[in-house]
Amino acid sequence: MHTFQPLSTDYLEFNPFTKIGKEWALLTAGTKLNANPMTISWGGMGVLWGKNVVFVFVRDSRYTKELLDKMDFFSLTFLDETYRASLNYCGSHSGREGNKWEGASLTMGVRLGIPYVDDGNLVLLCQKMSATRITEESFLDPEIKGKWYQDGDMHTMYVAEIIDVMAR
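What comes next concerns the included structure. (Residues numbered from 1 in each chain as written. Predicted model: local features only at pLDDT ≥ 70, side-chain atom pairs only at ≥ 80, totals over all residues. Heavy atoms only, no water.)

For the rest of this paragraph, the subject is helix α3 (residues 84-92). Taken as a whole, α3 has its buried residues at R84, S86, L87 and C90. With its buried residues spanning 160° around the axis, α3 presents them on a single face. In α3, the exposed positions that point more than 90 degrees away from the buried face belong to A85 and S92. Against β2 (25-30), β3 (35-40) and α4 (100-103) lie the buried residues of α3. (Buried < 20%, exposed > 50% of the residue type's maximum accessible area, 1.4 Å probe, protein only. Helix = DSSP H or I, 4+ residues; strand = E, 2+ residues; numbered from the N terminus. Arc of directions from axis to C-beta. Contact = heavy atoms within 4.5 Å.)

Tallying each qualifying case throughout the model produces seven salt bridges. For K19, the salt bridge goes to E23, with nearest N and O atoms at 3.3 Å. Relative accessible area serves as the criterion here: at 16%, K19 is assigned to the buried category. Its relative accessible area of 28% is what places E23 among the partly exposed residues. The salt bridge involving R96 is made with E66; its shortest N-O contact spans 2.6 Å. Within this pair, whereas R96 is found in the loop between α3 and α4, its partner E66 is found in helix α2 (residues 63-70), the two being separated by 30 residues in sequence. Of the residues examined, R96 reaches a relative accessible area of 43% and is grouped as partly exposed. In this structure E66 comes out as partly exposed when scored by relative accessible area, which is 35%. (Salt bridge = Lys/Arg side-chain N within 4 Å of Asp/Glu carboxyl O.)

Here α2 has its buried residues at Y63, T64, K65, L67 and L68. In this structure, the buried residues of α2 make contact with β2, β3, β5 (51-59), β6 (73-78), β9 (122-133) and β10 (155-167).

Note that T64 resides in helix α2. Sequence separation between T64 and L124 is 60 residues, and the spatial gap between their C-alpha atoms is 17 Å. With sequence-adjacent residues up to four places away left out, T64 is seen in contact with L27, A29, N36, P37 and M38. Separated by 2.7 Å, the side chains of T64 and N36 make a polar contact. (Polar contact = N/O pair within 3.5 Å; in protein donor to acceptor, adjacent residues only side chain to side chain.)

Its volume calculated, the largest pocket comes out at about 190 Å³. In this structure, the largest pocket is lined by M38, T39, I40, S41, W42, F57, V58, R59, R62, W148 and H155. Secondary structure elements with two or more residues in the lining of the largest pocket: β3 and β5. Broken down by class, the residue content of the lining of the largest pocket amounts to six nonpolar, three polar and two charged. (1 Å grid on protein atoms, 1.4 Å probe; cavity = no way out; pocket = protein on both sides within 12 Å on 5 of 7 lines; lining within 4 Å. Points joined across faces, edges and corners; volume = space filled by probe spheres on them. Nonpolar A, V, L, I, M, F, W, Y, C, P; charged D, E, K, R; others polar.)

From the geometry alone we can't say anything about function, so treat these as descriptive.
What follows is the structure, encoded as structure tokens:
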């Protein structure tokens, strides 16, 4: 287990477009006995309903979505570039078929009952506030469906309050 220090959201200093969109993160949902990490590259951070929040998008087909829908909490873990192979593994393998922790050579930690990837350098512990399924009817840009949803595997957008931040 690594040693993390608590960090206030006021001290977060990074570009979310780079951190999420290019470096990616691991979203972990489930329990200590049955947690699954999945790679995300769509999402953001901001203020909503008077709270510091993240918003993430998870496809209907993902095993992690099943776990996420059952739980009130999840984590987002950011890793350095030396974990690119682990991020690729977690984005291309399903937890339904095997143990992604072993396959990606990652270690699970748990704080406040929320599983997270202990190998990271920044962890956001999050409490779900909203889940909105993206539908074809919601698209204002007609190119979205053809470019991103040809197979009909839609996303759900989760908005969650950041309840704790840990950094190394």
